[in-house]
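Results of the structural survey
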Amino acid sequence: MTNTRRNTIVLASLLVVVSFVTSTALRSVRNKTEEMQKKNKLLQAQIIAIENQITNIDSLRKTYQLQKELHAQQSKLILEKDDSALTYNYLLKILNWSGLNLVFDFSPASTAKQANFNEYVISGRSNFRELLTFVNHMENQRALITLEDLSIGADNIAGSDTVSFSIVMRTHYTEGGTNHLDVSRKDISPVAAKYQIFRTRIADSAINKEAEPGLLSLDMVSLVGMTQRSVFLRDEQGVIKILSPGDKVAFGSLHSIHPKEGKAIFRIDVYGVLEEKTLFLRGTQK
């Protein structure tokens, strides 16, 4: 066999081997490509399904919120019947739900028969905050009650925490309404009342209150010296106290120091409102 023939056979064999390997490799790549394409399509379908679920969740949430708001708006119940005994018992329930111990007089407003409501009068004396809580529950608990009139009068200073009140209310009812026994408690946010609005807060004479122990009374001291940052006060026993702006005195504090004018300004609350009181060095007051 000649060299040329042998080389031709070798090259042909190599070509067959290379072709086989290349074909196998291409077939493997093609299979993997098809498999990846299938996985991509599957993942894409799953992503679309998840996006649809998310969209449905948002829609369900909006629907739930709408139903919740509608329920809150329609939480009032019209009773199937009413009389003075039923209404009085319901008011006692309100006192129990709100944790109040309110004492009041209760009576029908008139003997005239109305078509769909009965009218009652409630009157008494109470702490203002308790009355405010009671009225808030009457208006916002589930039974449909309307307040036609509310009168509040302040007591004297000795009983300034207490007010007198008179309420005209109507209990509404209709055939096919809700039974009294089915009226449940509703959670109600407390009303904001920082202080008793009928209590006198500014008085003509000094309010009878005690100062913190150890604080200087400005009526019992004299200003004997000062610097840019401090004042020197002598009390009735001859003891000298040093104060700086912001330091407390009876019913107030030192506000500012004015060495050139020889005076110190204090802010105190004796009559229910902050007032300025000035102490002068001896010989500097005009």
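Residues numbered from 1 in each chain as written. Predicted model: local features only at pLDDT ≥ 70, side-chain atom pairs only at ≥ 80, totals over all residues. Heavy atoms only, no water.

Remarks on the nonpolar core
In this structure, Leu91, Phe104, Ile122, Phe134, Met138, Ile167 and Met169 are the most contacted members of the largest nonpolar core, which totals 24 residues. Breaking this core down by element, the ones donating at least two residues are α2 (84-98), β2 (117-127), α3 (128-140) and β4 (162-172). Not counting chain neighbours up to four residues away, the residues in contact with methionine 138 comprise Lys76, Leu91, Ile94, Ile122, Ile145, Leu147, Ile167 and Met169. Counting residues in each nonpolar core, the second largest holds 17 residues, with Leu216, Val221, Ile257 and Leu281 among its members. (Core = buried A, V, L, I, M, F, W, Y, C linked by side-chain atoms within 4.5 Å. Buried < 20%, exposed > 50% of the residue type's maximum accessible area, 1.4 Å probe, protein only. Helix = DSSP H or I, 4+ residues; strand = E, 2+ residues; numbered from the N terminus. Contact = heavy atoms within 4.5 Å.)

Details of the packing of α2 against α3
Contact geometry of α2 with α3 gives a least axis separation of 10 Å together with a crossing angle of 120 degrees. For the element pair α2 / α3, the angle class is oblique. As for how α2 packs across α3, the hand of that crossing is right-handed. From α2, Leu91, Ile94, Leu95 and Ser98 reach across to α3, where they touch Thr133, Phe134, His137 and Met138. Here the contact of α2 with α3 is composed, by residue class, of 5 nonpolar, 3 polar and no charged. (Axes fitted to C-alpha atoms, helices over the stretch in contact; angles between N-to-C directions. Parallel < 35°, antiparallel > 145°, perpendicular 65-115°, else oblique. Left-handed = near helix turned anticlockwise from the far one by under 90°. Nonpolar A, V, L, I, M, F, W, Y, C, P; charged D, E, K, R; others polar.)

Comments concerning the packing of aromatic side chains
One pass over the structure, following the stated rule, counts 5 aromatic pairs. Ring geometry for tyrosine 90 and tryptophan 97: centres 6.1 Å apart, planes at 80 degrees, overall edge-to-face. Taken as a pair, tyrosine 90 and tryptophan 97 share a single burial class, namely buried. One aromatic cluster is present, formed by Tyr88, Phe104, Phe106, Tyr120 and Phe134 through successive ring pairs. (Phe/Tyr/Trp six-rings, centres within 6.5 Å; stacked < 30°, edge-to-face > 60°.)

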